[in-house]
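# Fold and contact review
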Amino acid sequence: MATTTGSSARSAASGSADAAGDGPGRVPGPSSSASSASPSAVSSSVAQGRESATDALTVRVDALGELLGLSRTRISPDALAETGELLERLGERRRLSLDHTVVALAGATGSGKSTLFNALAGLALSETGVRRPTTAKPVACAWQPERAAGLLDRLGIAPQDRYARRGALDAAGEWPGDLSEELSGTEGAFAADGATGRAESLDGLVLIDLPDHDSAATGHRDQVDRLLGLVDVVVWVLDPEKYADAALHERYLRPLSGHADVTVLVLNQIDRLPGDSVDLVLDDLRRLLDEDGLAVGEHGEDGAVVLSASALTGEGVADLRAVLAQLVTDRAAAGRRLAADMDRTASRLHPLYVGEGGAGLTDSAREEFVDRLADAVGAAGAGQSAERDWAGAAEGACGTPWGRLIGERAAGGAGSRGERPAQGSPVRATRTGGGGLSASRPVVDEAVRGVAADASRGLPAPWAQAVRDAARRGGDGLPEALDGAAARARPGAPERPGWWSAAGGAQWLLMALAVAGAVCLISVAVGSLDLTWWLPVVMIAVGGLGGPALAGACRFAARGPARRYGQAAERRLRDAAADCGRARVLEPVAAELMRYREVREQYAVVAGAHSAHAAHSVRTSLGDHSSE
């Protein structure tokens, strides 16, 4: 008895196999003459579809190689070990024959795998019996085994456990009988066809009978786990007693739920079930598969195929053969298996390459970093000091001569007491005793941590750590670099504009006028000079009051130039700090972000069309900060 799914699959397989049966080495089935499409057209369509899938897989495999190359120094080897092994398996399988489809029969102890294997092969090739476990090592049977030796070597099938079906279908589609012969050579011992009965062509099939996945022998389970990662299609042979076994679902079906297109499930031993119990068991099996996330393909949809059979009575075996014939005819199972492996790997790598939301070094983060560095070198204070220096120099140049004399005497007195203004870089000026740490270091460290936090926000953990490490390495010597930059950018003595000299000359003239007025007034008072008394008074008033008035006017006029001079000094110091921070911190951080951009682009290709959400999130985050 077979399910509707199995019957549909058999009908589709029969039609496809018959349509493609006119190719080399194939004899058309009875329905090929009624096909509406020519065999050459069908073959061309299948070949084009296979080439398209191969090209898409090639792009994804190449992207995976690039992804690993860009990630090895950023992600731990343990996290990438499985991905590296997958890349090797992909290369190995694609180098071997893609005209063969490797199908493994897997199941629990007593499920009837070996009996079903023999029923498909038409010969008793695999040992059967009540002793458990019966199958201690994998057995292979290849239909048209040319170029299959490499696949069997890759699977580790011993030469003595390799068999072949070399018969050809006759015009009526009958298997020839009594053609058994022992074959020798590098491919081991093979048995020729010996079955009788109509069947679809299985040319290109490599059928493997695996040991029990629940065997008491650990070595048997290890063989099963290894081979399940290498074959193209897995046929799970279930029995009515163990089809719901938790070990099967939790260890195999659930983790491989993304491999539904290359998975077949056969409920074997239905001859042991009474009445309509088969349909009830199949419904329960589908329910369990749905809980596992394994999609079941029904009514022509993609997904796993669910069949029922009895290897003992032969019921349903033809349906399974039809499914296998369809897989062999399409020659796409290997590509689908590799694509499913890529999908699974992409899902596993998703947390390593796709973060939450957008990521990047924003303009506001850059500006805040530069502002903090400017604070660390005292750019604002240096600008204010430069402004005061310029204003003081203007006052000294344009002030009254006696005011300048008093100022010089005050400065000289301070110098004689050992008091002098601090010189040099604002960063170095904060050091204690010449050997202590710079007081600006905490400010610089905080600036580096802040920009690293902003740049790494939203990145996956390995790449966020890489960004922080790049910022930390650049920040280690940043205070010393800022010291040098600040020293080079500190302004020198203000240049003397021409109007300072004119104002200074005017001050001397006014002083001379006041002195001359005083002399004239004394001379008039003693009677040695015949001059009206008010004229010397006017001279004294003009000279004495004009000097301070001119000095006040000059101070007012100097405000604008002094402010611009201070702003220019602050800007030079700020630019010097920004250049230093950019070279040591921002550029290494930007390089890490650019590397991550490249990695995300490669991951988007690796993820392929199966993970629309992942690809969309990657494209969105790439577009969030295009100016990185």
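Residues numbered from 1 in each chain as written. Predicted model: local features only at pLDDT ≥ 70, side-chain atom pairs only at ≥ 80, totals over all residues. Heavy atoms only, no water.

## Some words on a nonpolar patch on the surface
Together, Leu529, Leu531, Trp533, Trp534, Leu535, Val537, Val538 and Val542 make up a nonpolar patch on the protein surface, roughly 680 Å² of accessible area in all. Mapped onto the secondary structure, leucine 535 falls in helix H18 (residues 534-607). Judged by its relative accessible area of 31%, leucine 535 falls in the partly exposed class. (Patch = residues over 30% accessible without salt bridge, like charges linked within 9 Å, V, L, I, M, F, W, Y side chains within 5 Å. Areas by Shrake-Rupley, 256 points an atom, 1.4 Å probe, with all protein chains shown as cover. Salt bridge = Lys/Arg side-chain N within 4 Å of Asp/Glu carboxyl O. Helix = DSSP H or I, 4+ residues; strand = E, 2+ residues; numbered from the N terminus. Buried < 20%, exposed > 50% of the residue type's maximum accessible area, 1.4 Å probe, protein only.)

## Topic: the pairing of strand E2 (residues 139-143)
Taking burial as the measure, the 5 residues of E2 include 5 buried ones, the bulk of the element. Residues Val139, Cys141 and Trp143 of E2 are buried on one face, and the alternating residues Ala140 and Ala142, pointing to the opposite face, are buried as well. Sheet topology note: the E2/strand E4 (residues 205-209) ladder contains 4 bridges and is antiparallel. Note on E4: the bridge partner recorded for cysteine 141 is leucine 207. One ladder, built from 4 bridges, connects E2 with strand E3 (residues 162-165); its direction is parallel. By the bridge assignment, tryptophan 143 is partnered in E3 with arginine 165. With respect to chirality, the unit in which E2 leads through helix H5 (residues 149-155) into the neighbouring parallel E3 is right-handed. (Pairing = 2+ DSSP bridges. Right-handed = clockwise from strand over helix to strand, strands pointing away.)

## Structural notes on the pairing of strand E6 (residues 263-267)
Of all the 5 residues making up E6, 5 are buried; the element is thus mostly covered by neighbouring parts of the structure. Burial along E6 is two-sided: the residues Thr263, Leu265 and Leu267 and Val264 and Val266 are all buried. Here strand E5 (residues 233-238) runs beside E6; their pairing, made up of 5 bridges, is parallel. Bridged to valine 235 within E6 is valine 264. Read as a crossover between parallel neighbours, the route from E5 over helix H7 (residues 246-253) to E6 is right-handed. As defined by bridge partners, E6 adjoins strand E7 (residues 305-308) across 4 bridges and the pair is classed as parallel. Counted as the bridge partner of leucine 265 is valine 306 from E7. Note that the unit made of E6, helix H8 (residues 277-292) and E7 has a crossover that is right-handed.

## Things to note about the nonpolar core
One finds Tyr353, Phe369 and Leu478 to be the most contacted residues of the largest nonpolar core, which totals 57 residues. With 13 residues, H18 is the single largest residue contributor to this core. Among residues more than four places away in sequence, those in contact with leucine 478 are Phe369, Leu373, Val444, Val448, Cys580, Gly581, Arg584 and Val585. Core analysis: the second largest hydrophobic core is formed by 40 residues, Leu151, Ile157, Ile208 and Leu238 among them. (Core = buried A, V, L, I, M, F, W, Y, C linked by side-chain atoms within 4.5 Å. Contact = heavy atoms within 4.5 Å.)

## What to know about the side chain of aspartate 239
Its location among the elements puts aspartate 239 in the loop between E5 and H7. Side-chain polar atoms of aspartate 239 contact the backbone nitrogen of glutamate 241, separated by 2.8 Å. Here lysine 242 takes part through its backbone nitrogen, which lies 3.0 Å from a polar atom of the side chain of aspartate 239. Beyond its immediate sequence surroundings of up to four residues, aspartate 239 is in contact with Ser111, Leu267, Asn268 and Gln269. (Polar contact = N/O pair within 3.5 Å; in protein donor to acceptor, adjacent residues only side chain to side chain.)

## Quick notes on helix H10 (residues 333-353)
Helix length check: H10, at 21 residues, gives a terminal C-alpha distance of 29 Å against a target of 30 Å (1.5 Å per residue), a fit within 8%. The principal kink in H10, of about 30 degrees, is found at serine 347, preceding the proline proline 351 by one to four residues. (Expected span 1.5 Å × (residues − 1). Bend = angle between axes of the 7 residues up to and from the residue.)

## Considering the side chain of arginine 154
Along the chain, the position of arginine 154 falls in helix H5. A distance of 3.4 Å separates the side chain of arginine 154 from the side chain of glutamate 92, its partner in a polar contact. What arginine 154 contacts, discounting residues up to four positions off in sequence, is Arg89, Glu92, Arg93, Leu96, Arg226 and Leu230.

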